[in-house]
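Fold and geometry: a report
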Amino acid sequence: MCSALSWVWGSSIAENEEHKMENCAFDNDTDCKKDNISNNSKLSGLKNPTPKEAETNDGMLYSIEDTPAWYTCFALGLQHYLVAIGGIIGLPLLLAPHLCIENDEEGNVARALLISSVFFVSGLCTLLQTTLGIRLPIMQGATFSYLPPTLAILALPHNQCPAPLPEGFMNSSKTLYNDTDGSIVDGAEVWQRRMREVQGAIAVSSILQVVLGFSGAIGFLLRYIGPLTIAPAVALIGLDLFSTASSHAEPQWGIAMFTAFVVVLCSQYLKNIYIPFPIYSKSRKCHTVRVPIFKMFPVLFALISGWILSLIFTETGVFTADTADPSHRARTDLRTSVMINSPWFYFPYPGQWGLPTVTVAGVVGMFAGVLAGFIESIGDYYACARLSGAPNPPQHAINRGIFTEGIGCFLAGVIGTGTATTSFSENIGAIGITRVGSRRVLQVAGGLSVVLGMLTKFGSIFVTIPDPVIGGLFFIAFGMITAVGLSNLQYVDFNCPRFYFELCHFKSKRRDGVF
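I will try to describe carefully the structure that is included in this document. (Residues numbered from 1 in each chain as written. Predicted model: local features only at pLDDT ≥ 70, side-chain atom pairs only at ≥ 80, totals over all residues. Heavy atoms only, no water.)

Residue placement: alanine 397 occurs in helix α15 (residues 395-415). Sequence spacing of alanine 397 and arginine 135 is 262 residues, and the spatial spacing of their C-alpha atoms is 7.9 Å. (Helix = DSSP H or I, 4+ residues; strand = E, 2+ residues; numbered from the N terminus.)

Here it is, written out as C-alpha coordinates:
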(Lines give C-alpha, C1' and ligand atoms only; values in the text may rest on other atoms or scores of the structure.)
Protein backbone atom coordinates (compact mmCIF):
# COMPACT_ATOMS: atom_id res chain seq x y z
CA MET A 1 0.00 0.00 0.00
CA CYS A 2 1.25 3.46 -0.86
CA SER A 3 2.89 5.46 1.87
CA ALA A 4 0.47 8.30 1.12
CA LEU A 5 -2.17 6.29 2.92
CA SER A 6 -0.05 6.33 6.06
CA TRP A 7 -1.38 9.84 6.57
CA VAL A 8 -4.63 8.13 7.58
CA TRP A 9 -3.54 4.67 8.70
CA GLY A 10 -0.29 4.28 10.67
CA SER A 11 1.18 1.55 12.78
CA SER A 12 -0.76 0.45 15.84
CA ILE A 13 1.71 2.10 18.23
CA ALA A 14 1.67 5.43 16.41
CA GLU A 15 -2.10 5.23 16.13
CA ASN A 16 -2.53 4.72 19.87
CA GLU A 17 -0.22 7.65 20.61
CA GLU A 18 -2.09 9.83 18.15
CA HIS A 19 -5.44 8.94 19.69
CA LYS A 20 -4.05 9.78 23.10
CA MET A 21 -2.90 13.17 21.83
CA GLU A 22 -6.27 13.76 20.17
CA ASN A 23 -8.12 13.03 23.38
CA CYS A 24 -5.86 15.47 25.23
CA ALA A 25 -6.35 18.22 22.67
CA PHE A 26 -10.02 17.82 21.79
CA ASP A 27 -11.72 16.11 24.74
CA ASN A 28 -12.48 17.49 28.19
CA ASP A 29 -10.61 14.66 29.93
CA THR A 30 -9.55 15.53 33.50
CA ASP A 31 -7.03 12.68 33.85
CA CYS A 32 -5.42 13.57 30.56
CA LYS A 33 -5.07 17.20 31.65
CA LYS A 34 -3.46 16.13 34.93
CA ASP A 35 -0.91 14.03 33.05
CA ASN A 36 -0.22 16.92 30.69
CA ILE A 37 0.30 19.36 33.57
CA SER A 38 2.56 16.87 35.34
CA ASN A 39 4.72 16.40 32.26
CA ASN A 40 4.96 20.14 31.69
CA SER A 41 5.97 20.67 35.30
CA LYS A 42 8.76 18.08 35.02
CA LEU A 43 10.07 19.73 31.88
CA SER A 44 9.95 23.28 33.11
CA GLY A 45 10.47 22.87 36.84
CA LEU A 46 8.11 25.80 37.37
CA LYS A 47 4.42 26.07 38.08
CA ASN A 48 3.97 28.87 35.54
CA PRO A 49 6.88 28.77 33.05
CA THR A 50 7.81 31.95 31.23
CA PRO A 51 7.40 32.06 27.44
CA LYS A 52 11.12 31.45 26.96
CA GLU A 53 11.00 28.35 29.17
CA ALA A 54 7.72 27.08 27.76
CA GLU A 55 8.66 27.36 24.09
CA THR A 56 8.15 23.98 22.43
CA ASN A 57 10.32 22.24 19.88
CA ASP A 58 8.13 23.36 16.98
CA GLY A 59 8.55 27.01 17.93
CA MET A 60 5.20 27.45 19.69
CA LEU A 61 5.31 29.86 22.61
CA TYR A 62 2.12 28.37 24.05
CA SER A 63 0.52 25.16 22.80
CA ILE A 64 -3.16 24.37 22.84
CA GLU A 65 -3.30 23.12 26.45
CA ASP A 66 -1.03 25.82 27.92
CA THR A 67 -2.42 28.63 30.07
CA PRO A 68 -0.33 31.82 30.08
CA ALA A 69 -0.28 34.16 33.08
CA TRP A 70 -3.49 36.18 33.38
CA TYR A 71 -1.94 39.45 32.19
CA THR A 72 -0.30 37.74 29.22
CA CYS A 73 -3.54 35.92 28.47
CA PHE A 74 -5.48 39.19 28.52
CA ALA A 75 -3.03 40.95 26.18
CA LEU A 76 -3.00 38.02 23.75
CA GLY A 77 -6.81 37.79 23.89
CA LEU A 78 -7.10 41.52 23.16
CA GLN A 79 -4.82 41.01 20.17
CA HIS A 80 -7.16 38.37 18.72
CA TYR A 81 -10.16 40.58 19.47
CA LEU A 82 -8.59 43.43 17.49
CA VAL A 83 -7.75 41.11 14.57
CA ALA A 84 -11.40 40.04 14.36
CA ILE A 85 -12.77 43.60 14.43
CA GLY A 86 -12.41 44.16 10.68
CA GLY A 87 -14.61 41.21 9.78
CA ILE A 88 -17.06 41.76 12.63
CA ILE A 89 -17.89 45.41 11.91
CA GLY A 90 -17.68 45.05 8.15
CA LEU A 91 -20.86 43.04 7.66
CA PRO A 92 -23.26 45.19 9.75
CA LEU A 93 -22.01 48.34 7.99
CA LEU A 94 -22.33 46.60 4.62
CA LEU A 95 -25.86 45.35 5.33
CA ALA A 96 -27.13 48.66 6.75
CA PRO A 97 -28.15 50.28 3.42
CA HIS A 98 -29.73 47.03 2.18
CA LEU A 99 -31.77 46.89 5.39
CA CYS A 100 -32.96 50.46 4.61
CA ILE A 101 -31.16 51.98 7.61
CA GLU A 102 -30.93 55.72 6.97
CA ASN A 103 -27.78 57.85 7.34
CA ASP A 104 -29.17 59.97 10.16
CA GLU A 105 -28.86 60.00 13.95
CA GLU A 106 -31.44 57.24 14.36
CA GLY A 107 -29.69 55.16 11.70
CA ASN A 108 -26.32 55.57 13.43
CA VAL A 109 -27.84 54.27 16.67
CA ALA A 110 -29.23 51.29 14.75
CA ARG A 111 -25.76 50.59 13.30
CA ALA A 112 -24.23 50.75 16.78
CA LEU A 113 -26.78 48.27 18.16
CA LEU A 114 -26.21 45.91 15.23
CA ILE A 115 -22.45 45.99 15.78
CA SER A 116 -23.00 45.42 19.50
CA SER A 117 -25.17 42.38 18.75
CA VAL A 118 -22.58 40.91 16.37
CA PHE A 119 -19.80 41.34 18.95
CA PHE A 120 -21.92 39.75 21.67
CA VAL A 121 -22.94 36.72 19.58
CA SER A 122 -19.42 36.25 18.19
CA GLY A 123 -17.96 36.16 21.69
CA LEU A 124 -20.65 33.80 22.94
CA CYS A 125 -20.12 31.40 20.02
CA THR A 126 -16.33 31.54 20.53
CA LEU A 127 -16.74 30.49 24.16
CA LEU A 128 -19.06 27.64 23.15
CA GLN A 129 -16.76 26.44 20.37
CA THR A 130 -13.54 26.53 22.41
CA THR A 131 -15.14 24.95 25.48
CA LEU A 132 -17.72 22.47 24.18
CA GLY A 133 -17.24 22.34 20.41
CA ILE A 134 -14.08 21.60 18.43
CA ARG A 135 -12.03 22.90 21.42
CA LEU A 136 -9.39 24.42 19.16
CA PRO A 137 -8.14 28.02 19.62
CA ILE A 138 -10.55 29.28 16.99
CA MET A 139 -12.54 32.53 16.86
CA GLN A 140 -16.16 32.60 15.73
CA GLY A 141 -17.56 35.65 14.00
CA ALA A 142 -19.80 37.08 11.29
CA THR A 143 -19.36 35.29 7.99
CA PHE A 144 -19.54 36.49 4.38
CA SER A 145 -20.78 33.02 3.34
CA TYR A 146 -24.33 34.07 4.20
CA LEU A 147 -24.07 37.45 2.48
CA PRO A 148 -25.23 36.46 -1.06
CA PRO A 149 -28.48 34.78 0.10
CA THR A 150 -29.08 37.61 2.58
CA LEU A 151 -28.73 40.24 -0.16
CA ALA A 152 -31.02 38.14 -2.38
CA ILE A 153 -33.71 38.19 0.33
CA LEU A 154 -33.35 41.95 0.80
CA ALA A 155 -33.55 42.51 -2.98
CA LEU A 156 -37.02 40.94 -3.23
CA PRO A 157 -39.77 43.38 -4.35
CA HIS A 158 -41.47 43.53 -0.94
CA ASN A 159 -38.15 44.49 0.67
CA GLN A 160 -37.35 47.48 -1.52
CA CYS A 161 -36.59 50.62 0.49
CA PRO A 162 -39.59 53.01 0.56
CA ALA A 163 -39.33 56.77 0.05
CA PRO A 164 -39.90 58.98 3.12
CA LEU A 165 -43.21 60.76 3.52
CA PRO A 166 -43.32 64.59 3.86
CA GLU A 167 -41.99 65.98 7.14
CA GLY A 168 -44.69 66.32 9.81
CA PHE A 169 -46.94 63.73 8.15
CA MET A 170 -49.72 62.69 10.55
CA ASN A 171 -48.27 65.24 13.03
CA SER A 172 -45.37 62.92 13.74
CA SER A 173 -42.00 64.24 14.91
CA LYS A 174 -40.32 61.25 13.25
CA THR A 175 -39.84 60.62 9.56
CA LEU A 176 -42.52 58.18 8.39
CA TYR A 177 -42.51 55.81 5.42
CA ASN A 178 -45.19 54.17 3.30
CA ASP A 179 -43.78 50.65 3.34
CA THR A 180 -44.23 48.17 0.49
CA ASP A 181 -47.04 46.39 2.37
CA GLY A 182 -49.02 49.63 2.53
CA SER A 183 -48.45 50.34 6.23
CA ILE A 184 -47.28 53.71 7.56
CA VAL A 185 -44.26 53.07 9.77
CA ASP A 186 -41.25 54.90 11.18
CA GLY A 187 -37.63 54.29 10.15
CA ALA A 188 -36.98 51.72 12.90
CA GLU A 189 -39.84 49.48 11.79
CA VAL A 190 -38.75 49.73 8.15
CA TRP A 191 -35.38 48.05 8.74
CA GLN A 192 -36.51 45.82 11.61
CA ARG A 193 -39.19 44.18 9.44
CA ARG A 194 -36.54 43.25 6.89
CA MET A 195 -34.21 42.08 9.64
CA ARG A 196 -36.89 39.74 11.01
CA GLU A 197 -37.17 37.99 7.65
CA VAL A 198 -33.39 37.50 7.50
CA GLN A 199 -33.43 36.26 11.11
CA GLY A 200 -36.03 33.60 10.38
CA ALA A 201 -34.12 32.32 7.34
CA ILE A 202 -30.83 32.04 9.28
CA ALA A 203 -32.41 30.41 12.35
CA VAL A 204 -34.34 27.73 10.43
CA SER A 205 -31.55 26.93 7.92
CA SER A 206 -29.04 26.48 10.77
CA ILE A 207 -31.00 23.41 11.87
CA LEU A 208 -29.41 21.57 8.90
CA GLN A 209 -25.97 22.21 10.37
CA VAL A 210 -27.11 21.05 13.80
CA VAL A 211 -28.50 17.80 12.35
CA LEU A 212 -25.35 17.09 10.28
CA GLY A 213 -23.14 17.57 13.31
CA PHE A 214 -25.34 15.70 15.77
CA SER A 215 -25.89 12.71 13.47
CA GLY A 216 -22.17 12.31 12.76
CA ALA A 217 -22.65 12.59 9.00
CA ILE A 218 -19.78 15.06 8.66
CA GLY A 219 -17.35 12.76 10.46
CA PHE A 220 -18.40 9.82 8.30
CA LEU A 221 -17.60 11.72 5.10
CA LEU A 222 -14.19 12.72 6.47
CA ARG A 223 -13.07 9.06 6.27
CA TYR A 224 -12.68 9.57 2.53
CA ILE A 225 -10.86 12.89 2.75
CA GLY A 226 -7.06 12.83 2.57
CA PRO A 227 -4.25 15.37 2.19
CA LEU A 228 -4.94 15.77 -1.54
CA THR A 229 -8.37 17.09 -0.59
CA ILE A 230 -7.40 19.17 2.42
CA ALA A 231 -4.39 20.89 0.82
CA PRO A 232 -6.27 22.68 -1.99
CA ALA A 233 -9.34 23.27 0.20
CA VAL A 234 -7.41 25.15 2.89
CA ALA A 235 -5.17 26.91 0.35
CA LEU A 236 -8.17 28.13 -1.65
CA ILE A 237 -9.75 29.52 1.51
CA GLY A 238 -6.68 31.69 2.02
CA LEU A 239 -6.44 32.70 -1.65
CA ASP A 240 -10.13 33.56 -1.85
CA LEU A 241 -9.84 35.83 1.18
CA PHE A 242 -7.16 37.99 -0.47
CA SER A 243 -9.96 39.91 -2.22
CA THR A 244 -11.23 40.94 1.23
CA ALA A 245 -7.72 42.09 2.21
CA SER A 246 -7.41 44.03 -1.04
CA SER A 247 -10.75 45.81 -0.58
CA HIS A 248 -9.67 46.93 2.90
CA ALA A 249 -6.21 48.08 1.76
CA GLU A 250 -7.37 49.80 -1.44
CA PRO A 251 -8.14 53.24 0.11
CA GLN A 252 -4.52 53.69 1.25
CA TRP A 253 -2.00 51.07 0.21
CA GLY A 254 0.81 52.89 2.02
CA ILE A 255 -0.83 52.40 5.43
CA ALA A 256 -1.66 48.77 4.60
CA MET A 257 1.92 47.96 3.55
CA PHE A 258 3.32 49.77 6.60
CA THR A 259 1.11 47.64 8.86
CA ALA A 260 2.18 44.45 7.09
CA PHE A 261 5.83 45.53 7.37
CA VAL A 262 5.53 45.97 11.15
CA VAL A 263 4.06 42.46 11.45
CA VAL A 264 6.96 40.97 9.47
CA LEU A 265 9.53 43.03 11.37
CA CYS A 266 8.25 41.96 14.79
CA SER A 267 7.49 38.31 14.03
CA GLN A 268 10.56 37.50 11.92
CA TYR A 269 13.41 39.89 12.71
CA LEU A 270 12.76 40.94 16.32
CA LYS A 271 11.45 37.57 17.51
CA ASN A 272 14.61 36.66 19.43
CA ILE A 273 14.73 39.89 21.41
CA TYR A 274 13.65 39.29 25.02
CA ILE A 275 12.55 42.35 27.00
CA PRO A 276 12.92 42.23 30.83
CA PHE A 277 9.72 42.91 32.80
CA PRO A 278 9.50 43.29 36.59
CA ILE A 279 6.98 40.97 38.27
CA TYR A 280 6.17 39.83 41.80
CA SER A 281 5.45 36.34 43.12
CA LYS A 282 5.22 34.94 46.65
CA SER A 283 8.04 32.49 46.10
CA ARG A 284 10.55 34.72 44.32
CA LYS A 285 9.34 38.17 45.45
CA CYS A 286 10.29 41.00 43.09
CA HIS A 287 12.22 39.77 40.08
CA THR A 288 12.35 40.15 36.33
CA VAL A 289 11.39 37.80 33.52
CA ARG A 290 12.53 38.15 29.94
CA VAL A 291 9.65 37.96 27.46
CA PRO A 292 9.80 37.78 23.63
CA ILE A 293 7.27 40.58 23.41
CA PHE A 294 7.75 41.22 19.68
CA LYS A 295 7.19 37.56 18.87
CA MET A 296 4.08 37.36 21.07
CA PHE A 297 2.37 40.61 20.02
CA PRO A 298 3.33 41.41 16.41
CA VAL A 299 -0.30 41.95 15.42
CA LEU A 300 -0.92 44.27 18.37
CA PHE A 301 2.21 46.31 17.59
CA ALA A 302 1.19 46.55 13.93
CA LEU A 303 -2.38 47.60 14.78
CA ILE A 304 -1.27 50.32 17.17
CA SER A 305 1.45 51.58 14.80
CA GLY A 306 -0.88 51.75 11.80
CA TRP A 307 -3.65 53.30 13.89
CA ILE A 308 -1.34 56.05 15.24
CA LEU A 309 0.08 56.79 11.78
CA SER A 310 -3.44 57.10 10.36
CA LEU A 311 -4.40 59.39 13.24
CA ILE A 312 -1.43 61.66 12.52
CA PHE A 313 -2.31 61.84 8.81
CA THR A 314 -5.96 62.50 9.68
CA GLU A 315 -5.18 65.39 12.05
CA THR A 316 -2.63 66.96 9.68
CA GLY A 317 -5.02 66.82 6.72
CA VAL A 318 -3.00 64.35 4.64
CA PHE A 319 -6.09 62.15 4.45
CA THR A 320 -8.79 64.40 3.03
CA ALA A 321 -12.35 64.54 4.31
CA ASP A 322 -13.65 64.54 0.73
CA THR A 323 -15.70 61.38 0.29
CA ALA A 324 -14.79 61.30 -3.42
CA ASP A 325 -11.14 60.69 -2.50
CA PRO A 326 -10.40 57.00 -1.78
CA SER A 327 -8.04 57.95 1.08
CA HIS A 328 -11.10 59.20 2.95
CA ARG A 329 -11.64 55.65 4.22
CA ALA A 330 -8.24 55.70 5.91
CA ARG A 331 -9.29 58.46 8.32
CA THR A 332 -9.64 57.57 12.00
CA ASP A 333 -12.73 59.78 12.43
CA LEU A 334 -14.75 58.00 9.74
CA ARG A 335 -16.87 56.00 12.19
CA THR A 336 -16.87 58.31 15.21
CA SER A 337 -20.66 58.70 14.82
CA VAL A 338 -21.03 55.05 15.82
CA MET A 339 -19.04 55.72 19.01
CA ILE A 340 -20.96 58.93 19.79
CA ASN A 341 -24.44 57.51 19.20
CA SER A 342 -23.96 54.12 20.85
CA PRO A 343 -25.45 53.67 24.35
CA TRP A 344 -23.22 53.03 27.34
CA PHE A 345 -24.75 49.61 28.00
CA TYR A 346 -26.86 47.34 25.84
CA PHE A 347 -27.76 43.67 26.28
CA PRO A 348 -28.65 41.90 23.00
CA TYR A 349 -31.45 39.39 23.53
CA PRO A 350 -33.53 37.01 21.38
CA GLY A 351 -36.33 38.80 19.56
CA GLN A 352 -34.93 42.28 20.17
CA TRP A 353 -36.16 43.38 16.73
CA GLY A 354 -39.42 41.47 17.05
CA LEU A 355 -40.51 37.89 16.35
CA PRO A 356 -38.55 36.46 13.37
CA THR A 357 -40.62 35.66 10.28
CA VAL A 358 -40.02 32.57 8.14
CA THR A 359 -40.46 32.34 4.38
CA VAL A 360 -39.80 29.23 2.29
CA ALA A 361 -37.81 31.15 -0.33
CA GLY A 362 -35.62 32.74 2.34
CA VAL A 363 -34.86 29.42 4.07
CA VAL A 364 -34.09 27.54 0.83
CA GLY A 365 -31.78 30.33 -0.32
CA MET A 366 -29.99 30.42 3.02
CA PHE A 367 -29.13 26.71 2.76
CA ALA A 368 -26.42 27.74 0.28
CA GLY A 369 -24.83 29.86 2.99
CA VAL A 370 -25.02 26.98 5.46
CA LEU A 371 -23.21 24.58 3.10
CA ALA A 372 -20.52 27.13 2.25
CA GLY A 373 -20.09 28.00 5.93
CA PHE A 374 -19.47 24.53 7.35
CA ILE A 375 -17.29 23.43 4.43
CA GLU A 376 -15.08 26.46 5.06
CA SER A 377 -15.07 25.69 8.79
CA ILE A 378 -13.82 22.12 8.25
CA GLY A 379 -10.86 23.48 6.32
CA ASP A 380 -10.27 26.03 9.07
CA TYR A 381 -10.26 23.27 11.71
CA TYR A 382 -7.37 21.50 9.97
CA ALA A 383 -5.48 24.76 9.44
CA CYS A 384 -5.98 25.82 13.07
CA ALA A 385 -4.88 22.43 14.42
CA ARG A 386 -1.71 22.52 12.34
CA LEU A 387 -0.80 26.09 13.30
CA SER A 388 -1.51 25.57 17.00
CA GLY A 389 0.61 22.42 17.26
CA ALA A 390 -2.37 20.09 17.79
CA PRO A 391 -2.93 16.80 15.91
CA ASN A 392 -5.47 16.66 13.10
CA PRO A 393 -8.97 16.84 14.62
CA PRO A 394 -10.68 13.42 14.90
CA GLN A 395 -14.13 12.78 13.45
CA HIS A 396 -16.03 13.15 16.71
CA ALA A 397 -14.40 16.55 17.34
CA ILE A 398 -15.37 17.83 13.90
CA ASN A 399 -18.93 16.57 14.40
CA ARG A 400 -19.03 18.41 17.71
CA GLY A 401 -17.61 21.56 16.11
CA ILE A 402 -20.17 21.63 13.29
CA PHE A 403 -22.98 20.94 15.78
CA THR A 404 -21.82 23.80 18.02
CA GLU A 405 -21.47 26.09 15.03
CA GLY A 406 -25.05 25.29 14.07
CA ILE A 407 -26.17 26.25 17.57
CA GLY A 408 -24.22 29.50 17.19
CA CYS A 409 -25.90 30.25 13.86
CA PHE A 410 -29.29 29.63 15.45
CA LEU A 411 -28.43 32.07 18.26
CA ALA A 412 -27.33 34.64 15.68
CA GLY A 413 -30.65 34.19 13.93
CA VAL A 414 -32.92 34.58 16.95
CA ILE A 415 -30.90 37.47 18.43
CA GLY A 416 -30.72 39.26 15.09
CA THR A 417 -27.20 40.03 13.86
CA GLY A 418 -28.09 40.01 10.16
CA THR A 419 -25.66 37.16 9.52
CA ALA A 420 -24.61 33.80 10.94
CA THR A 421 -21.31 32.89 12.59
CA THR A 422 -18.47 30.69 11.44
CA SER A 423 -14.77 30.22 12.14
CA PHE A 424 -12.60 33.28 11.55
CA SER A 425 -9.73 32.53 9.18
CA GLU A 426 -8.11 35.87 10.11
CA ASN A 427 -7.46 34.70 13.67
CA ILE A 428 -6.11 31.35 12.49
CA GLY A 429 -3.52 33.25 10.49
CA ALA A 430 -2.70 35.29 13.60
CA ILE A 431 -1.82 32.05 15.45
CA GLY A 432 0.78 31.29 12.80
CA ILE A 433 2.26 34.77 13.16
CA THR A 434 2.36 34.92 16.97
CA ARG A 435 3.10 31.20 17.59
CA VAL A 436 0.55 31.27 20.41
CA GLY A 437 -1.94 28.41 20.11
CA SER A 438 -3.40 28.44 23.62
CA ARG A 439 -7.11 27.67 23.82
CA ARG A 440 -7.37 29.86 26.90
CA VAL A 441 -6.27 32.93 24.93
CA LEU A 442 -9.17 32.54 22.51
CA GLN A 443 -11.58 32.06 25.41
CA VAL A 444 -10.37 35.38 26.80
CA ALA A 445 -10.89 36.95 23.36
CA GLY A 446 -14.44 35.55 23.33
CA GLY A 447 -15.09 36.92 26.81
CA LEU A 448 -13.81 40.36 25.75
CA SER A 449 -16.12 40.30 22.75
CA VAL A 450 -19.12 39.51 24.97
CA VAL A 451 -18.29 42.19 27.56
CA LEU A 452 -17.43 44.92 25.04
CA GLY A 453 -20.51 43.94 23.06
CA MET A 454 -22.57 44.99 26.06
CA LEU A 455 -20.38 47.99 26.97
CA THR A 456 -20.98 49.45 23.53
CA LYS A 457 -19.44 52.85 24.23
CA PHE A 458 -16.05 51.24 24.96
CA GLY A 459 -16.29 48.56 22.29
CA SER A 460 -17.09 51.12 19.59
CA ILE A 461 -13.74 52.84 20.19
CA PHE A 462 -12.05 50.01 18.30
CA VAL A 463 -14.48 50.50 15.42
CA THR A 464 -12.43 53.57 14.47
CA ILE A 465 -9.49 51.40 13.32
CA PRO A 466 -9.11 52.37 9.63
CA ASP A 467 -9.76 49.79 6.91
CA PRO A 468 -6.20 49.90 5.45
CA VAL A 469 -4.73 48.91 8.83
CA ILE A 470 -7.02 45.86 8.91
CA GLY A 471 -6.17 45.14 5.26
CA GLY A 472 -2.44 45.05 5.97
CA LEU A 473 -2.97 42.50 8.73
CA PHE A 474 -5.21 40.41 6.49
CA PHE A 475 -2.52 40.11 3.79
CA ILE A 476 -0.13 38.45 6.26
CA ALA A 477 -2.80 36.30 7.93
CA PHE A 478 -4.29 34.99 4.68
CA GLY A 479 -0.83 34.23 3.34
CA MET A 480 -0.23 32.05 6.42
CA ILE A 481 -3.47 30.13 5.79
CA THR A 482 -2.55 29.49 2.14
CA ALA A 483 0.91 28.26 3.13
CA VAL A 484 -0.55 25.93 5.77
CA GLY A 485 -2.88 24.43 3.19
CA LEU A 486 -0.08 23.73 0.74
CA SER A 487 2.08 22.27 3.52
CA ASN A 488 -0.34 19.31 3.78
CA LEU A 489 1.17 18.02 0.54
CA GLN A 490 4.19 16.85 2.55
CA TYR A 491 2.08 13.87 3.64
CA VAL A 492 1.60 12.73 0.04
CA ASP A 493 3.89 10.12 -1.52
CA PHE A 494 4.46 11.56 -4.99
CA ASN A 495 5.85 8.19 -6.14
CA CYS A 496 2.54 6.46 -5.43
CA PRO A 497 0.67 5.30 -8.57
CA ARG A 498 -2.60 6.31 -6.93
CA PHE A 499 -1.38 9.92 -6.76
CA TYR A 500 -0.70 9.96 -10.50
CA PHE A 501 -4.07 8.35 -11.15
CA GLU A 502 -5.88 11.05 -9.18
CA LEU A 503 -3.83 13.80 -10.85
CA CYS A 504 -4.53 12.45 -14.35
CA HIS A 505 -8.20 12.01 -13.47
CA PHE A 506 -8.37 15.65 -12.36
CA LYS A 507 -6.62 16.87 -15.52
CA SER A 508 -8.91 14.86 -17.80
CA LYS A 509 -11.99 16.32 -16.13
CA ARG A 510 -10.60 19.82 -16.43
CA ARG A 511 -9.80 19.24 -20.14
CA ASP A 512 -13.35 18.00 -20.72
CA GLY A 513 -14.75 21.17 -19.19
CA VAL A 514 -16.04 19.63 -15.98
CA PHE A 515 -14.07 22.05 -13.79
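A side chain with one charge may pair with a side chain of the opposite charge, provided their charged atoms come close. Inspection of every chain in the model, using the stated rule, returns four salt bridges. With a closest N to O distance of 3.4 Å, glutamate 65 and arginine 439 form a salt bridge. Linking glutamate 65 in the loop between α3 (51-54) and α4 (70-95) with arginine 439 in helix α17 (residues 439-454), this pair joins segments that are 374 residues apart in sequence. Overall, arginine 439 belongs to the buried group, its relative accessible area being 6%. With a shortest N-O distance of 2.9 Å, aspartate 333 and arginine 331 are connected by a salt bridge. (Salt bridge = Lys/Arg side-chain N within 4 Å of Asp/Glu carboxyl O. Buried < 20%, exposed > 50% of the residue type's maximum accessible area, 1.4 Å probe, protein only.)

Let's shift gears to the environment of asparagine 341. One can find asparagine 341 in helix α13 (residues 336-341). C-alpha separation for the pair asparagine 341 and asparagine 108, spaced 233 residues apart in sequence, amounts to 6.4 Å.

Attention now moves to the packing of helix α10 (residues 253-269) against helix α19 (residues 467-487). Relative to each other, α10 and α19 sit at 45°, their axes nearing to 7 Å. Overall, the two elements α10 and α19 adopt an arrangement that is oblique. Crossing of α10 over α19 shows right-handed handedness. Here α10 contributes Trp253, Ile255, Ala256, Met257, Thr259, Ala260, Val263 and Val264 to the contact with α19, which in turn contributes Pro468, Val469, Gly472, Leu473, Phe475 and Ile476. Split by residue class, the contact of α10 with α19 holds 12 nonpolar, two polar and no charged. (Axes fitted to C-alpha atoms, helices over the stretch in contact; angles between N-to-C directions. Parallel < 35°, antiparallel > 145°, perpendicular 65-115°, else oblique. Left-handed = near helix turned anticlockwise from the far one by under 90°. Contact = heavy atoms within 4.5 Å. Nonpolar A, V, L, I, M, F, W, Y, C, P; charged D, E, K, R; others polar.)

Moving on to the packing of aromatic side chains. Inspection of the entire model under this criterion finds nine aromatic pairs. Taken together, a centroid distance of 4.9 Å and an interplanar angle of 65° make the contact between tryptophan 191 and tryptophan 353 edge-to-face. Separated by 162 residues along the polypeptide, tryptophan 191 in helix α7 (residues 187-215) and tryptophan 353 in the loop between α13 and α14 (360-387) bring together distant segments of the chain. Classification of tryptophan 191 as buried rests on a relative accessible area of 5%. (Phe/Tyr/Trp six-rings, centres within 6.5 Å; stacked < 30°, edge-to-face > 60°.)

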